[in-house]
Amino acid sequence: MGAGAAGTWAAARAARAGARVLLLEKTPRIGTKVLASGGTRCNLTTTLASEAAGRLFGREGGRFLRPAFRALSPAALRERFGSLGVETVEAPLEKVFPASQRARDVRDALEAEARAAGVLPRCGAAVAGIESLGAAGGWRARLAGAGAVRCRRLVLCTGGASVPRSGTTGDAYPWLRELGLEVVEPRPALVPLRSGADWVRELAGVALQEVEARLVAPTGETVRRRRPVVFTHEGLSGPAALDLSRHVTADGGAREILLDLGVGTGREELRRRLIEGAASPGAGSVARALGLDVPRRVLDAACRQAGLVDSRSAVSELPRARRHDLVEALKGLAVPVEGSLGFDRAEVTAGGLALAAVDPATMAVRGHPGLWVCGELLDLDGPIGGLNFQAAFATAELAGRAVASEA
Ligand SMILES: Cc1cc2nc3c(=O)[nH]c(=O)nc-3n(C[C@H](O)[C@H](O)[C@H](O)COP(=O)(O)OP(=O)(O)OC[C@H]3O[C@@H](n4cnc5c(N)ncnc54)[C@H](O)[C@@H]3O)c2cc1C
């Protein structure tokens, strides 16, 4: 149920293996979110190998995904799409796109494969609830409006709660809770961050390509991403900010992101440049002494955090304590963040069905015969770069196989 990436893949896989499959979808079409993905280009997987890709889902997520990525690695997924007529190309940040750069081609290939495999899609069919048929075996899915569908095996792939206008309104969370299953509180992830600081919003439009963003997660762990960031009218966006956002939207989430403006240049080196700049004849500005490739207005912000007027301040007039503060500000420009732009703008949902409730080898829900869950409905979320589709397809591969083997 749910004809997104995971549901359509699982349905086709199960049908190819001989199962009779009905695919219920709330929206009028298959793959609604696939169409919107990757800026309508669909970053369908990653160039990373399975192990490295898995690690990006954290320790628990990585371990859980091991069998799925073994069953369908990123390279195997590319091959499979190739055999469905979708050639792929690599792009920076370990991304993989269809060679046509059209998400529609990915969606069309998924739909064509499902139909060719014998899947019966039923779009515009929103499920309003599910119930186990108990000792009789099987499940009943109640449709919104009227009617119900009975089946022996039910695969839930209703996605998360992000971008609700694309059909994903978190419908399955209460159903799972009613079954007594643990659902980790869903929250937005891969989402732009909000900052109340005027200086941050005044930098709207400024992008930093060579930067490392870091924060202290609620667990106490320091998490780093070396990827671009962009200042916006609301706060902070860009790949690094999106990747870190799950730690901001978490309970007790981080309230500050530190930007290392001098990636590859250590504190000692920065100190040396400032000292030598001050000692050189005709000593100039702090900006000149530092020689960093950082937009002037961002450098100004770092200088202000260190108590200077801006980066034009004379380097020769920098007292020792200020020099120390400036080096610290350059290695960790503190950007206050106070939350995110919410589910409407989140690419994925963190939280979902607790992984402990699911057998990672089959995606079967423990203690509930005939029920499987895969895709984003699980408590899994990865960084940007095709990881989330990779997880959706790979978990669906296992679910599809397992459902068919019990047919
Ligand atoms: C704007 C945007 C861009 C993205 N770009 C990328 C990208 O480039 N690369 C990447 O890896 N990830 C990307 N993602 C994330 C990716 O789209 C998801 O991780 C992925 O789609 C999850 O697959 P899924 O099948 O689990 O869920 P979904 O694709 O969300 O599918 C769930 C389906 O279930 C249906 N459904 C929900 N409730 C019901 C119900 N009650 N009854 C019937 N049907 C129901 C929904 O309508 C939906 O079609 C992007 C997300 C967004 C929002």
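Residues numbered from 1 in each chain as written. Predicted model: local features only at pLDDT ≥ 70, side-chain atom pairs only at ≥ 80, totals over all residues.

Undergrad: Quick rundown of the overall build of the protein? Include the residues and the values.
TA: Across its full length, the protein carries 14 helices and 21 strands. Within the protein, buried positions represent 50% of all 407 residues. When contacts within the protein are restricted to residue pairs at least 6 apart in sequence, those whose partners lie at least 24 apart make up 72%. (Helix = DSSP H or I, 4+ residues; strand = E, 2+ residues; numbered from the N terminus. Buried ≥ 20, exposed ≤ 12 C-beta atoms within 10 Å, placed from the backbone. Contact = placed C-beta atoms within 7 Å.)

Undergrad: Report on the site of the ligand, specifying residues and quantitative values.
TA: Around the ligand there are 37 residues in total, and Gly 2, Gly 4, Gly 159, Gly 167 and Gly 375 lie nearest to it. Put simply, the parts of the chain that give the shell around the ligand at least two residues each are helix H1 (5-16), strand S1 (22-25), helix H2 (32-40) and helix H14 (387-405). Counting residues per element, the shell around the ligand draws most heavily on H2, at five residues. Residue composition of the shell around the ligand, by class: 15 nonpolar, 16 polar and six charged. (Near = placed C-beta within 6 Å. Nonpolar A, V, L, I, M, F, W, Y, C, P; charged D, E, K, R; others polar.)

Undergrad: Account for unusual backbone geometry, with residues named and values stated.
TA: Notably, Cys 42 is not glycine yet its phi reads approximately 60°, a positive angle. Mapped onto the fold, Cys 42 is located in the loop between H2 and strand S2 (45-46).

Undergrad: If you had to explain the pairing of strand S4 (residues 95-98) to someone new, which residues and values would you point to?
TA: Pairing analysis gives two bridges linking S2 to S4, with the strands arranged antiparallel. Each residue of the ladder has a partner; that of Thr 45, found in S4, is Val 96. Pairing of strand S3 (residues 88-91) with S4 involves four bridges; the strand directions are antiparallel. Residue pairing in the sheet places Thr 88 in a bridge with Pro 98 of S4. Here S3 folds back onto S4 in antiparallel fashion, the turn holding three residues, of which Leu 93 has a positive phi close to 65°. (Pairing = 2+ DSSP bridges.)

Undergrad: Can you tell me about the packing of H2 against helix H6 (residues 103-117), naming the residues and giving the values?
TA: Contact geometry of H2 with H6 gives a least axis separation of 8 Å together with a crossing angle of 150°. By the criterion of interaxial angle, the relationship of H2 to H6 is roughly antiparallel. The crossing of H2 and H6 is right-handed. Of the residues in H6, those touching H2 at Val 34, Leu 35, Ser 37, Gly 38 and Thr 40 are Ala 103, Arg 104, Val 106, Arg 107 and Leu 110. The class makeup of the residues in the contact of H2 with H6 is five nonpolar, three polar and two charged. (Axes fitted to C-alpha atoms, helices over the stretch in contact; angles between N-to-C directions. Parallel < 35°, antiparallel > 145°, perpendicular 65-115°, else oblique. Left-handed = near helix turned anticlockwise from the far one by under 90°.)

Undergrad: Tell me about the domain arrangement of the protein, and name the residues and values.
TA: Entries for the protein in the domain assignment read domain 1 (5-188 + 346-405) and domain 2 (192-341). On a C-alpha basis, the centroid separation for the pair domain 1 and domain 2 is 38 Å. In this complex, domain 1 contributes eight residues to the contact, which on the side of domain 2 involves eight residues. Of the residues in the side of domain 1 that touches domain 2, the class split is six nonpolar, no polar and two charged. (Domains from an automatic or database assignment.)

Undergrad: Quick rundown of the nonpolar core? Include the residues and the values.
TA: Within the largest apolar cluster, 76 residues are counted, with the highest numbers of intra-cluster contacts made by Ala 10, Val 155, Trp 372, Val 373, Cys 374 and Ala 399. Once residues within four sequence positions are removed from consideration, Val 373 is found in contact with Leu 156, Leu 353, Val 358, Met 363, Val 365 and Leu 378. Of all hydrophobic cores here, the second largest spans 50 residues; its members include Ala 161, Ala 189, Val 191 and Val 248. (Core = buried A, V, L, I, M, F, W, Y, C linked by C-beta atoms within 7 Å.)

Undergrad: Tell me about the pairing of strand S17 (residues 256-260), and please be specific about residues and values.
TA: Each regular strand displays side chains that alternate between the two surfaces of the sheet. Every second residue of S17 is oriented toward a common face, the buried set being Ile 257 and Leu 259 and the non-buried set Glu 256, Leu 258 and Asp 260. The sheet contact formed by strand S13 (residues 212-216) and S17 spans three bridges and is antiparallel. Paired with Glu 212 across the bridge in S17 is Asp 260. Here S17 runs beside strand S18 (residues 333-336); their pairing, made up of four bridges, is antiparallel.

Undergrad: Provide a residue-level description of the sheet that holds strand S7 (residues 139-143), including the pertinent values.
TA: With antiparallel pairing, the three strands of this open sheet are ordered in space as S6-S7-S8. This sheet does not close on itself; its edge strands, each paired only once, are strand S6 (127-132) and strand S8 (148-151). On average, adjacent strands in this sheet sit at an angle of 20° to one another, irrespective of strand direction. Looking at chain direction, S6 and S7 are connected through five bridges and run antiparallel. When the sheet's bridge partners are listed, Ile 130 is paired in S7 with Ala 141.

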